[in-house]
Amino acid sequence: MWISIPFFISHVTALLGNSLLIFIILTRPSLHGPMYFFLCMLAGADIVLSTSAVPQALAIFWFHAGEISLDRCITQLFFIHSTFISESGILLAPMSVSSSLSMGLGSLLYHIAPHVHVLLGKVCILAPLMLNPVIYGVKTKQIWDQAV
């Protein structure tokens, strides 16, 4: 299905971008400071969030897996919500609140088709994950200098 292509591209971009950011910070001694370790924690949280949310969306699109087991659902909810809590505890409270609201209000929206609900929920989760490594790398001159 064509709609899965943006999800797949954003998932790969989030994984590669955040992994590259963590790799650069951990391998360069000049970047071993509190601010850069802070960025590593945020990038790690982004990787966990992307990995816990996107594969199920891709399974729905590619394999028409409309149902998941209760164990998988609870595990996915645990990782998504614990990652949101850790990111808001670190710094990203406004982003976490907006994403939590979009997911929390989903149970109240019975008149929206399930595929539209899944699409909107995943976009709210994926957009920050895909853009965070770009923002971190461009805005931080030391990371940009080490990457180039």
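Criteria and thresholds
Residues numbered from 1 in each chain as written. Predicted model: local features only at pLDDT ≥ 70, side-chain atom pairs only at ≥ 80, totals over all residues. Heavy atoms only, no water. Helix = DSSP H or I, 4+ residues; strand = E, 2+ residues; numbered from the N terminus. Buried < 20%, exposed > 50% of the residue type's maximum accessible area, 1.4 Å probe, protein only. Contact = heavy atoms within 4.5 Å. Areas by Shrake-Rupley, 256 points an atom, 1.4 Å probe, with all protein chains shown as cover. UniProt positions renumbered as here; feature names shortened; annotations may be inferred. Core = buried A, V, L, I, M, F, W, Y, C linked by side-chain atoms within 4.5 Å. Expected span 1.5 Å × (residues − 1). Phe/Tyr/Trp six-rings, centres within 6.5 Å; stacked < 30°, edge-to-face > 60°.

S.K.: Would you explain the overall build of the protein chain in this entry?
M.R.: Each helix and strand counted, the protein chain has six helices and zero strands in total. Written out in order from the N terminus, the α and β elements of the protein chain read α-α-α-α-α-α. Here the protein chain holds 148 residues, and the buried ones make up 35% of them. Contacts spanning at least 24 positions in sequence make up 73% of the contacts within the protein chain whose residues lie at least 6 apart. Counting only carbon and sulfur atoms, one obtains 76% of the accessible surface of the protein chain, whose full area is about 8,800 Å².

S.K.: Please explain unusual backbone geometry as it appears in this structure.
M.R.: A negative phi holds for most residues other than glycine; trans holds for most peptide bonds. The phi torsion at His64 lies on the positive side, around 55 degrees, for a residue other than glycine. Among the secondary structure elements, His64 is positioned in the loop between α2 (34–63) and α3 (70–90). A residue is classified by how much of its surface remains accessible, and His64, at 66% relative accessible area, is exposed.

S.K.: Just to check I follow, could you spell out the UniProt feature "domain: G-protein coupled receptors family 1 profile" (unreviewed entry) in the protein chain for this structure?
M.R.: Per the UniProt annotation, the sites labelled "domain: G-protein coupled receptors family 1 profile" (unreviewed entry) are residues 17–55. Secondary structure content for residues 17–55 is 85% helix and 0% strand, while the C-alpha to C-alpha distance between its ends is 18 Å.

S.K.: Please clarify how the UniProt feature "transmembrane region" (unreviewed entry) in the protein chain should be interpreted in this entry.
M.R.: Feature annotation in UniProt places "transmembrane region" (unreviewed entry) on residues 7–29, 35–65, 77–97 and 109–131, given in this structure's numbering. As a span, residues 7–29 carries 91% helix and 0% strand, and end to end its C-alpha atoms are 35 Å apart. Secondary structure content for residues 35–65 is 94% helix and 0% strand, and the end C-alpha separation is 41 Å.

S.K.: Even after reading the chapter, I still don't get the nonpolar core, so can you show me in this structure?
M.R.: Side chains that are nonpolar tend, in soluble globular proteins, to be buried together. Core analysis: the largest hydrophobic core is formed by eleven residues, namely Leu21, Ile22, Ile24, Ile25, Leu31, Tyr36, Leu39, Cys40, Ala43, Ile47 and Ile143. For this core, the secondary structure elements donating two or more residues are α1 (4–27) and α2. Looking at this core element by element, the count peaks at five residues for α2. When near neighbours in sequence (up to four residues on either side) are disregarded, Leu31 contacts Ile24, Ile25, Tyr36, Gln142, Ile143 and Gln146. Val54, Ala57, Leu58 and Phe61 belong to the second-largest nonpolar core, a separate cluster that totals six residues.

S.K.: Help me out: how do you make sense of the environment of Ala14 in this one?
M.R.: By the element assignment, Ala14 lies in helix α1. The class for Ala14 is buried, based on a relative accessible area of 1%.

S.K.: Honestly, α1 in this entry has me stumped. Any pointers?
M.R.: A turn of α-helix holds 3.6 residues, and therefore any two residues three or four places apart point the same way. In this model, α1 (24 residues) spans 34 Å end to end at C-alpha, consistent with the 34 Å of a helix rising 1.5 Å per residue. If you check which residues of α1 are buried, you get Ser4, Phe7, Ser10, His11, Ala14, Asn18, Leu21, Ile22, Ile24 and Ile25.

S.K.: Would you take a moment to explain the packing of aromatic side chains for this structure?
M.R.: Aromatic rings considered in pairs are described by the distance between their centres and by the relative angle of their planes. Summed over the entire model, instances satisfying the criterion amount to four aromatic pairs. Ring centres of Phe7 and Phe61 lie 5.3 Å apart, and the angle between their planes is 35 degrees; this geometry places the pair in the tilted category. With a gap of 54 residues between them, Phe7 in helix α1 and Phe61 in helix α2 connect regions that are remote in the sequence. Across the pair, exposure class does not vary: Phe7 and Phe61 are buried alike. Where Phe8 meets Trp62, the ring centres are 5.7 Å apart and the plane angle is 50 degrees; that geometry is what we call tilted. One end of the pair, Phe8, is in helix α1; the other, Trp62, is in helix α2, with 54 residues separating them in the sequence. For Phe8, a relative accessible area of 39% corresponds to the partly exposed category.

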